[in-house]
Amino acid sequence: MKEQKFFGLCAKHLSGTIEADEEQKLTLYLNANPDRQKIFQSLKKQWEFSGNLRLSYQTNPQLAWEKFSDLKSDHEPKAVRWVHFAYRLVAMMVLTVGLGFLLREFGKTEPYRYATFEGETKWVVLPDSSRVRMNESTMLTVEADFNEEERKVSLTGEAFFEIAREVSKPFIIQTDEARTRALGTSFNIQALAEESKIEIYVESGKVAFSAKDKELILTKGMAADFDKKTNQLQLIMVDSIYSNQ
Amino acid sequence: MSFTSDQKRLDQNFKELYFEYYAVAQRTAMYVLMQIDTSEDVAQSVFLKLWDKRDQLDQLNNPKAYIIQMARSGALDVVKKGGHLSKNQLQLGFYSEISDEPENVDRRQAIEKAMADLSPKCRLVFSLSQFEGQSNPEIAENLDVSIRAVETQISNVLKSFFNTFQIDSKITKVKT
């Protein structure tokens, strides 16, 4: 019998998983081989003796538990890390929303103003890419929510408008009493503070000019004015009106 | 409210598991490493891992086997990294349950010495069998190996013992 096989059978015999036929084989073999019998007996003695041995050192679970309590708080398990992460996330969201809210509020309260001095004229391009040529001593105020739902500006003085075409957002010009609504067109408005009349001349497209519940629809080449004193809204005869008819 | 009571229940379950199996984990690591301090460390880190998963602990159908396997692999990692002490610093000591007559003291010391010559994996199988009184099928289940593998390891132990004691008897012969 080879050494490997011999120790294998000894192991099975000593640890109690030997089959009956293997046991028989081992007994026969040991009886026929006194040297191996001697080894077997010696191993058996060692085995039985070691079976009664126990570890001298015995751990103390109570002490270990106390140490473990410290370890686990240093360890910072995933759940705690997740809570930290959640706190950070919430703080970040509050900051972002708060900052956005503040920006929105500040943005809202400040409409943008363009102005010209006496003798000065200038072109202004609005956020919707409409162009305005401001005559002298004119003030144009662009509302803070310009271009959100509608395009609202107010005017004192005189300006020529070239409105970028955008049907869904009407362009509204508030002059102290008259209101001009346009979609995509170009026209001139004169609303001089010192004069009693607000005048409009349409160069192209279609414009609604209204004041005091009255409204005039003006098309290319038409002009109109509103008299602040008499509250009269009227068409002005211009050459092109005749050519249209 | 159910969240906090759930937490309390999980904490309590964990504590019970700790007290039931901490010593098992520590001894398992000790059989592999033959050292006190490192085996305590390994056992603690086993339970730290379990602590992270304490909400899944009731899904373990054999917590003892799971803990033994974790302690075994944790201890083998220490061996791999060379973090264990050299042979002359080993602390694997035993006492005999029957008696400590002078004759037994010698035999006990011989076993302690022979243990150091075994490979860590071999030593663990032998220890579970002899010092923990586990049967081969129990060892196989606890270590998640086949019974055949357990028998092979035990046969390796016997071979090693044979070599060790043969050398010892030669030395004795020279002395006399």
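Here the structure is shown first, and the text comes after it.
Residues numbered from 1 in each chain as written. Chains lettered and ligands numbered in written order. Predicted model: local features only at pLDDT ≥ 70, side-chain atom pairs only at ≥ 80, totals over all residues. Heavy atoms only, no water.

Draft legend 1. Representation of unusual backbone geometry within the structure. The backbone of S137 of chain A shows a phi angle near 50°, a positive value even though the residue is not glycine. On the secondary structure map, S137 of chain A appears in the loop between β4 (131-134) and β5 (139-142). Positive phi, normally seen in glycine, also occurs at M34 of chain B, with a value near 60°. Summarising the element assignment, M34 of chain B is placed in the loop between α1 (2-33) and α2 (36-52). (Helix = DSSP H or I, 4+ residues; strand = E, 2+ residues; numbered from the N terminus.)

Draft legend 2. The nonpolar core, seen in detail. By size, the foremost hydrophobic cluster in this structure holds 72 residues, and its most contacted members are F14, F47, L50, M115 and F161 of chain B. The greatest single-element share of this core, amounting to 12 residues, is contributed by α1 of chain B. For M115 of chain B, the contacting residues outside a window of four places in its chain are M34, L92, F94, R123, F126, S127 and F131 of chain B. Counting 32 residues, the second largest nonpolar core, distinct from the first, contains L140, V142, A191 and M222 of chain A. (Core = buried A, V, L, I, M, F, W, Y, C linked by side-chain atoms within 4.5 Å. Buried < 20%, exposed > 50% of the residue type's maximum accessible area, 1.4 Å probe, protein only. Contact = heavy atoms within 4.5 Å.)

Draft legend 3. Spatial organisation of a nonpolar patch on the surface. Residue and element names in this part refer to chain A. The grouping of F85, L89, M92 and M93 at the surface amounts to a nonpolar patch, some 430 Å² of accessible area in total. Its location among the elements puts M93 in helix α5 (residues 78-109). On the accessibility criterion, M93 (51% relative accessible area) is exposed. (Patch = residues over 30% accessible without salt bridge, like charges linked within 9 Å, V, L, I, M, F, W, Y side chains within 5 Å. Areas by Shrake-Rupley, 256 points an atom, 1.4 Å probe, with all protein chains shown as cover. Salt bridge = Lys/Arg side-chain N within 4 Å of Asp/Glu carboxyl O.)

Draft legend 4. Summary view of a positive patch on the surface. Residues and elements named next belong to chain B. Where like charges cluster on the molecular surface, the positive patch consists of K49, K53, K80, K81 and K121. Among the structural elements, K80 can be located in helix α3 (residues 63-80). By relative accessible area, which is 71% here, K80 ends up exposed. (Lys, Arg positive; Asp, Glu negative; His and termini not counted. Charge placed at Lys NZ, Arg CZ, Asp CG, Glu CD.)

That is the geometry; function is a separate question.
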